[in-house]
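# Structural overview for review
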Amino acid sequence: SVRPGRGLSWRRTVREGRIAMLPLEGLRVIEVGQALAGPLAGVMLADMGADVIKVEPPGQGDETRHWPPLRGGEGAVFLSANRNKRSVTLDLKHPKAAGLVLRLVAGCDALVENFRPGQLAKLGLGEEALKRARPDLVIARISGFGQDGPYRDRAAFGVIGEAMGGLRHLTNHPPEVSDLPPVRVGVSIGDSLAGLYAAFGVMAALWRRDRGGGDRRGRTLDVALTDSVLSLMEGTLPEYGLLGAVRHP
């Protein structure tokens, strides 16, 4: 079991013969979600010392636990995206699940989730409920296309964000050379970028909340896979807007 409340995590770094705290020691984050984008945001915070509590479904747990390659029944992808965390098992569809999550939220500084927009609200974990449990909570929501707009309810994975964000056009074969589909970068870069933006956004919101003269307010972040990829397309948009030039592979 994991009890809510603040406290230093168990990790320390040894530097010049002394025990040094990691920069996010004392920060507690609850991570609700599966696969990659949400967990990648959580692992970035955990690597710097935050106490990240990961909520996993009963039975198989996070789906990446079983993604090959496996060794000893554990997937390499899961180990990469979930190191330095603690896990709790919870069926979020159970009538008592929302109450248990809210008890954890009361002792957390931030929550990271990557469900489809509106899904957590159906489970009793909408923004109003979360803010009642912890009024100054920072919430990072990660989805394919954002929390509003015409595509909000569409499912999306890193590959879709990479395609619609423009990256797969640049990693494609040169025009008229091949009819094969665009080449994948080799890792789930769309998920990684969204996770990175979510983690950075959490820290920005916490700085605004907790710094000297901070407003002590919580905030909700809306991170989209497509937006995250598009934001790193460097000069491709201004090149087209100013010069009418389309960058090619």
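Residues numbered from 1 in each chain as written. Predicted model: local features only at pLDDT ≥ 70, side-chain atom pairs only at ≥ 80, totals over all residues. Heavy atoms only, no water.

### What to know about the overall build of the protein
Applicable threshold: Strands here mean DSSP runs of E at least two residues long; helices mean DSSP runs of H or I at least four residues long; both are numbered from the N terminus. Restricting the calculation to C-alpha atoms gives the radius of gyration, and the globule rule supplies 2.2 Å times the number of residues raised to the power 0.38. Each residue is placed in one exposure class: buried if its accessible area under a 1.4 Å probe, protein chains only, is under 20% of its type's maximum, exposed if it is over 50%, and partly exposed if it falls in between. Residues count as neighbours in contact if any of their non-hydrogen atoms are within 4.5 Å of one another. When charges are counted, Lys and Arg contribute as positive and Asp and Glu as negative, whereas His and the chain ends are disregarded. All charge positions are set by atom: Lys at NZ, Arg at CZ, Asp at CG, Glu at CD.
Each helix and strand counted, the protein has 10 helices and 10 strands in total. The C-alpha radius of gyration computed for the protein amounts to 20 Å, which stays within 12% of the reference 18 Å derived for 249 residues, consistent with globular compactness. Seen along its three principal axes, the alpha-carbon backbone of the protein occupies a region of about 60 × 50 × 50 Å. Per-residue burial over the protein gives 43% buried out of 249 residues. When contacts within the protein are restricted to residue pairs at least 6 apart in sequence, long-range pairs at least 24 apart make up 69% of them. Here the protein carries 33 positive and 27 negative side-chain charges, and the mean point of each set is 8 Å from the other.

### Some details on the sheet that holds strand β7 (residues 85–89)
Rule in force here: Pairing between two strands is assigned when DSSP locates at least 2 bridges connecting them. Fitting a line to C-alpha atoms yields each axis, with helices limited to the stretch in contact; the angle taken between N-to-C directions then spans 0 to 180 degrees.
The sheet built from 6 strands is open, its strands ordered β7-β4-β3-β8-β9-β10 with parallel pairing. Only two strands of the sheet have a single neighbouring strand rather than two, namely β7 and β10 (220–224). For this sheet, the mean inter-axis angle between neighbouring strands, taken without regard to orientation, is 20°. In the sheet, strand β3 (residues 28–32) pairs with strand β8 (residues 110–113) via 4 bridges, with the strands oriented parallel. Within β8, the residue paired with Val-29 across the bridge is Ala-110.

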